Amino acid sequence: MGRIGGGALARRRSVELRGIHIPHNKETAEFETVSMPVPKLIVLPMQQHVGAPCMPQVKRKQHVDVGQLVGHADARLTADIFSPVSGTVKEIRAIHYSNGVSDEAVVIEPDGEQTVHPAIEPPEVTDFASLVEALKHSGIVGLGGAGFPAWAKMNTDLSSIDTWLVNGAECEPYLSTDYREMIEHPDTILEGIKACLDLSGVPKSLICIENNKPKAIELLREMAADDPRIDVYELPARYPQGASRVILRNVTGRSVPRGGHLTDVGALLFNVTTMSEIGRFLRTGMPLTKRRLTIMGDAIANPMNLEVYVGTQISEILEFCGCAPGPRKVIVGGPMMGTTQVELNVPIVRQNCGLLAFGVNGPVVPRQTACIKCSRCIDHCPIRLSPIDIHKAYLARDVAALDRLMADLCVECGTCSYVCPSKQPLVQSTRLGRAMLRAEQRKAKGRR
Amino acid sequence: MAEQQPLEQEAPATNPLVLRPAPQISSAVTTHIIMRDVLVALAPATVMSVVLFGINALLVIATSVGSCVLFEYLWCRLRKTESTISDLSAAVTGLLLAFNVPSTLPLYMVVIGAFVAIIMTKELFGGLGRNFANPAIVGRIFLAVAFPVAMTTFAPPSIALSPVDVVSSATPLAPTAEPLSLLELLLGTHMGVLGETSALALLLGFVFLLVRPVVTWHIPVGYMGTVALLSLLAGKSPLEQLLSGGLVLGAIYMATDYSTCPATKRGKLVFGIGCGIITCLIRFFGNLNEGVAFSILFMNLLVPYIDQLTPNIPVGGEEIMAERRRARRAKGGEGHE
Ligand code: SF4
Ligand code: SF4
């Protein structure tokens, strides 16, 4: 502890977990955000977050306004879903994702009026409990990709929390959405942070930004200068500096014990865009209905940072950005952690940060060959796991070995697969192995 | 593993989109590129050996590389698997084997060495990445045991700083040998096997390997550092010990062989130090020419144990690892290497 300090110390660049260099490819970083017009159709899946899926709160043919509640669940962990447009509910149908998961979705046909729901007004927030309560009805989730409901993350005992970390690292190649937020809306980011600090009593906040974004660092440092609680922390521009456990270790020197949470070691971590949305919500009361995406890839004629309505279908976005017909590979998210799509009529949801489309020249990963035991995966894993051994343990379905290797600590950053010269499917195995281990742990708990 | 291959899957014809697990990009470094880098790193030493030992050296190198690649090719044909020679690992083994024999070695012996290295040490254990002993080292030891005279008959280098003859059993370390000047050792203008000679050329390659990076410093520095330290303690010249008897070749290019060294950096350091200790024991108390080769081979056998004792400590797993260490100590278990 005590390694966090203001000024010179916070500017220190050498960090413990170095990560690897991956070409950044952030050509759109300086492109100002473009707003996409209201699309032809809005598809709102009922699960756009970690936790229980929502139940549709609207009926077929019903009229909805902007900001009207569409999905809600009475559950300990969930996040409400709101209509981003005014229009008519066309149907409630099933939706299938490329990873095999299915969900229920409310389909809305916009009327183009964009009439705002009459109940929308700035929330009344007097103390931390009321802030959490207000955010419960904001639809704000972890916008860096995690999708963890923001209110639920805050809804813990904050007395031992000494640092409110804000993640502006954006280490994924190609993506610039958080960067644009920092450049275009530093005011709402700081409003959000200040409100949270004021109400929670957490003594300080560090905005962590990779040093390939000097403009954002300077801007935020300047704007936060009047608040001694808030400082900017520079991280090296290496992958995966944005992973929560990596940030925590590099900034505070602490590590989350296996099976624990950041709050166990006195820290909270929110994505910078999430903080901005919190600031915006407190100002206007309008729940989260839009998000910014970085649209790139060699099949895209006009790469851009695009603000879309949550629920806009990929096909419409690609069309808007001049995607060449018949892309070979479409990725939602970044190239390291994103998922490839097989259907283009699936929607963009809250926590998606990017949309990449590649033609024939897209990134191709070479064939898998025999592991040469080069230790690159071991040397570069930010969590210091042993991916190749986890891979072997998974293939052998050896749960005891997975437990010994602590496969459940993996953050799925993909570094191991990236550096592997023989292109072993290492993240895949750690992910599957982790699922296997978790299932076994649950079984063991049930038995006890 | 069947479900993971091929990685890049063609979607059905109606939908031309590719479905593939993350990450969607990968580093440009492949096995082929790593092995190519090793060959590049060995290039200065190769040139040096040809300069010093002439056409004979070239013949030995060509035979060794050629037969190693051929054996691997034939093995793949025999097993009806896809040929793996394009990954260049057989070529690296061949070159290293050539570096481990004198230029005067009859070529059929080189072929035998290549057979031992590729077929018996590598392929029979499952091929690249699965062998537990370094193929070139086993090849060398086999030849040294089977053909002791031929393996210790050295030709005089073409550039000599002091007068020499074709002598049997005369590496600088052999008890009867005349001491050589440090400059001679550094340039390699003394008798010895092909790659044992020019330390300078080998070190040049090491810098390249570190920069790329193909290897980390842990094994070579651990190895050479230990030898230097122990020589100092034993009252011998550390430089002379370092620069003679294939130590540089072994420490940089053979002990660092991926499949036969420990996985973590800590383990590699332990491995290097272990190699250094055994080499010094053999040199100071034994009467063997093959000190480096034997110590690396011996440490190869210990790798599984070193791996067990030197795991990385996962971020967030510190307490669990400490707990495990305590439990192991309580069991009165094995001492640290
Ligand atoms: S094992 Fe997990 S945490 Fe480690 S590099 Fe691979 S994906 Fe990242
Ligand atoms: S990086 Fe790939 S080749 Fe190297 S040890 Fe790991 S799995 Fe094996």
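Remember, predicted model here, so these are calculated numbers, not experimental data. Position numbers for residues count from 1 along each chain, tracking the sequence in the order it is written. To label them, take the chains in the order written and letter them from A, then take the ligands in the order written and number them from 1. It should be noted that, the model being predicted, local features are given only for residues of pLDDT at least 70 and side-chain atom pairs only at 80 or more, the latter also being counted only at that level, while totals for whole chains, interfaces and linings use all residues. Water and hydrogen atoms were dropped before computing side-chain values, which therefore reflect all heavy atoms in the structure.

Asks: So what's going on with the pattern of salt bridges? Which residues, and what values?
Replies: Residue and element names in this part refer to chain A. Any Lys or Arg side-chain nitrogen found within 4 Å of a carboxyl oxygen on Asp or Glu counts as a salt bridge. Under the definition given, this model contains 32 salt bridges over all chains. Among the ionic pairs, K136 bridges to E133, the shortest N-O distance being 4.0 Å. Placement of both K136 and E133 in helix α2 (residues 128-136) is noted, with a separation of three residues, approximately one turn of the helix. Note on exposure labels: buried denotes an accessible area under 20% of the residue type's maximum, exposed denotes more than 50%, and partly exposed covers the range between, all computed with a 1.4 Å probe on protein chains only. Owing to a relative accessible area of 30%, K136 belongs among the partly exposed residues under this scheme. Note on E133: relative accessible area 41%, which makes it partly exposed. Secondary structure is summarised from DSSP: a helix means a run of H or I of at least four residues, a strand means a run of E of at least two, and numbering begins at the N terminus for each.

Asks: Before we move on, can you summarise the sheet that holds strand β9 (residues 163-168) of chain A with the specific residues and values?
Replies: Residues and elements named next belong to chain A. An order of β11-β10-β9-β12 is seen for the four strands of this open sheet, with the pairing classed as parallel. At either margin of the open sheet sits one strand with a lone partner, and together these are β11 (230-235) and β12 (267-271). The mean inter-strand angle of the sheet, taken between neighbouring strand axes irrespective of direction, is 25°. At least two DSSP bridges between two strands are needed for those strands to be called paired. One ladder, built from six bridges, connects strand β10 (residues 204-210) with β11; its direction is parallel. Note that in β11 the partner of S205 across the bridge is I230. Taken strand by strand, helix α5 (residues 186-200) contacts β9, β10 and β11, and its axis lies near 150° from that of β10. Along the sheet, helix α8 (residues 272-284) makes contact with β9 and β12, crossing β12 at roughly 85°. Helix axes are fitted only over the stretch in contact, all axes being lines through C-alpha atoms; the angle between N-to-C directions runs from 0 to 180 degrees. Contacts: residue pairs with any heavy atoms within 4.5 Å of one another.

Asks: Let's hear about the pairing of strand β15 (residues 329-332) of chain A: which residues, and what values?
Replies: All names here are of chain A. Residues K329 and I331 line one face of β15 and the alternating positions V330 and V332 line the opposite face, and both faces are buried. Pairing between β15 and strand β17 (residues 354-358): four bridges, direction antiparallel. Along β17, the bridge assignment pairs K329 with F358. In the sheet, β15 pairs with strand β16 (residues 339-340) via two bridges, with the strands oriented antiparallel.

Asks: Which residues make up helix α12 (residues 291-309) of chain B, and what are the values?
Replies: All names here are of chain B. Helix span, as expected, comes to 1.5 Å for every residue beyond the first. Between its first and last C-alpha, α12 extends 26 Å over 19 residues, near the 27 Å set by a 1.5 Å rise per residue. Maximum bend of α12: about 50°, positioned at L302, with proline P304 one to four residues after it. All of the buried residues in α12 are G291, V292, A293, S295, I296, L297, M299, N300, V303, I306 and L309. In this structure, the buried residues of α12 make contact with α4 (135-146), α8 (218-233), α10 (247-254), α11 (265-285) and α13 (318-330). Take the seven residues that end at a residue and the seven that start at it, fit an axis to each, and the angle between those axes is the bend at that residue.

Asks: Before we move on, could you go through the site of ligand 2 and cite the residues and values that matter?
Replies: Taken together, 13 residues are adjacent to ligand 2, and A:C371, A:C374, A:S375, A:C377 and A:C420 come closest. Amino acid classes used here: Ala, Val, Leu, Ile, Met, Phe, Trp, Tyr, Cys and Pro are nonpolar; Asp, Glu, Lys and Arg are charged; the rest, including Gly, are polar. Looking at the shell around ligand 2 residue by residue, the classes come out as eight nonpolar, three polar and two charged. Each residue is tested against the molecule or strand, and it is near if at least one of its non-hydrogen atoms lies within 4 Å.

Asks: Describe a nonpolar patch on the surface, and please don't skip the residues or the numbers.
Replies: Residue and element names in this part refer to chain B. Taken together, the side chains of F115, M120, L124, F125, F132, F298 and L301 make up a nonpolar region of the molecular surface, amounting to roughly 670 Å² of accessible area. Counting residues per element, the ones that place at least two in the nonpolar patch are α3 (107-122) and α12. Of the residues examined, M120 reaches a relative accessible area of 40% and is grouped as partly exposed. Here the term patch refers to residues with relative accessible area over 30% and no salt bridge, with like charges joined within 9 Å and nonpolar side chains (Val, Leu, Ile, Met, Phe, Trp, Tyr) within 5 Å. Residue exposure ignores everything except the shown protein chains as possible cover, and the areas themselves are Shrake-Rupley values with a 1.4 Å probe.

Asks: Now, about the environment of A:V116: what can you tell me, with residues and values included?
Replies: All names here are of chain A. Residue position: V116 is located in the loop between β8 (102-110) and α2. For V116, a relative accessible area of 46% corresponds to the partly exposed category. Considering only alpha carbons, one finds V116 and V66, 50 residues apart in sequence, at a separation of 4.6 Å. Among all residues touching V116, those that are not within four sequence positions of it are D65, V66 and M286.

Asks: Which residues make up the domain arrangement of chain B, and what values go with them?
Replies: Often the size quoted for an interface is simply the accessible area lost on bringing the parts together. Residue and element names in this part refer to chain B. Each domain's extent was defined by an automatic or database domain assignment. Parsing chain B into structural domains produces domain 1 (31-157 + 178-205) and domain 2 (215-310). Spacing between the C-alpha centres of domain 1 and domain 2 amounts to 19 Å. Counting from both sides, the interface comprises 29 residues of domain 1 and, opposite them, 23 residues of domain 2. When domain 1 packs against domain 2, the two sides together hide about 2300 Å² of surface, and 72% of this comes from carbon and sulfur. Note on definitions: buried area is the accessible-area loss of two parts on being combined, 1.4 Å probe, summed for both. On the domain 1 side of the contact with domain 2, N134, I137 and I141 bury the most area, a combined 22% of that side's loss. Residue R140 is joined to E290 by a salt bridge in which the shortest nitrogen-to-oxygen separation is 2.5 Å. We call two N or O atoms a polar contact when they sit within 3.5 Å, provided that within protein one can donate a hydrogen and the other can accept it, with sequence-adjacent residues counted only if both atoms are side-chain atoms. Applying the counting criterion to the domain 1 and domain 2 interface returns five residue pairs in polar contact (both at pLDDT 80 or more). Those elements that place two or more of their residues in the side of domain 1 that touches domain 2 are α1 (31-79), α2 (89-99), α4, α6 (182-187) and α7 (199-211). If you tally residues by element for the side of domain 1 that touches domain 2, the top one is α4, at seven residues. Tallied by class, the residues present in the side of domain 1 that touches domain 2 amount to 19 nonpolar, seven polar and three charged.

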